[in-house]
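Below are the chains, spelled out letter by letter.
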Amino acid sequence: MAIKKPFVGIFLFLTLFTLLSSVYGRTGYLVNRSLEDRLAALERLEEEKRLEVDALRSRIMLLDEGAALDDLALSLGYNRSGDVVYYFQEADVPEPSRTESDDAVVLEEPYAGVDGWILALISLAVSLAVILIWTVVCGLSSGRHVKGREDRRGTGRDYGDFDW
């Protein structure tokens, strides 16, 4: 039984270390999940930029037509001769200007994982605690003590007392 306890401890340590490493380690589940979320966010951002570029290209194509140039001139405040221009008084509230930082999506850094030596220390501490508890519980529940060689000799038959 004394030989089996170190093997149980080593097996428990390796099992715990493997489980902790597969979940919390640098290549574990949480790191991979974080990277997948970041990749999905970057793909959404790329799709938004692609749609914006396509819209700008279609707008450039429309600017080749004369009607589009007239609409653009009217939006800038130009008018044709002979047109009646009406001016409406508007409040002097400036529109908020869009900046590049408004368009930027804040991407959080992916989860980096826990170092292997920290996981090894946690696994070692948990396995030692389990072995210690197991030893104490098994020692208390058995209720018997290991007898020494002197005790075992006394319980056996002593053939030295007989005459042969």
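Residues numbered from 1 in each chain as written. Predicted model: local features only at pLDDT ≥ 70, side-chain atom pairs only at ≥ 80, totals over all residues. Heavy atoms only, no water.

Asks: Account for the side chain of Ser 34, with residues named and values stated.
Replies: Note that Ser 34 resides in helix H2 (residues 29–62). On the basis of relative accessible area, Ser 34 is assigned to the buried category, the value being 17%. Apart from residues lying up to four places away in sequence, Ser 34 is in contact with Pro 110 and Tyr 111. (Helix = DSSP H or I, 4+ residues; strand = E, 2+ residues; numbered from the N terminus. Buried < 20%, exposed > 50% of the residue type's maximum accessible area, 1.4 Å probe, protein only. Contact = heavy atoms within 4.5 Å.)

Asks: Go over the pattern of salt bridges with me, naming the residues and quoting the values.
Replies: Under the criterion given, the structure shown has four salt bridges. Notably, a salt bridge pairs Asp 115 with Arg 26, separated by 2.2 Å at the nearest N-O pair. Here the residue Asp 115 occupies a position in the loop between helix H4 (100–103) and helix H5 (116–142), and Arg 26 occupies one in the loop between helix H1 (4–24) and H2, the gap between them amounting to 89 residues. Judged by its relative accessible area of 47%, Arg 26 is partly exposed. By sharing partners, the salt bridges in this structure join Glu 46, Glu 47 and Arg 50 into a single network. (Salt bridge = Lys/Arg side-chain N within 4 Å of Asp/Glu carboxyl O.)

Honestly, that's just the spatial picture; any functional story needs more than this.
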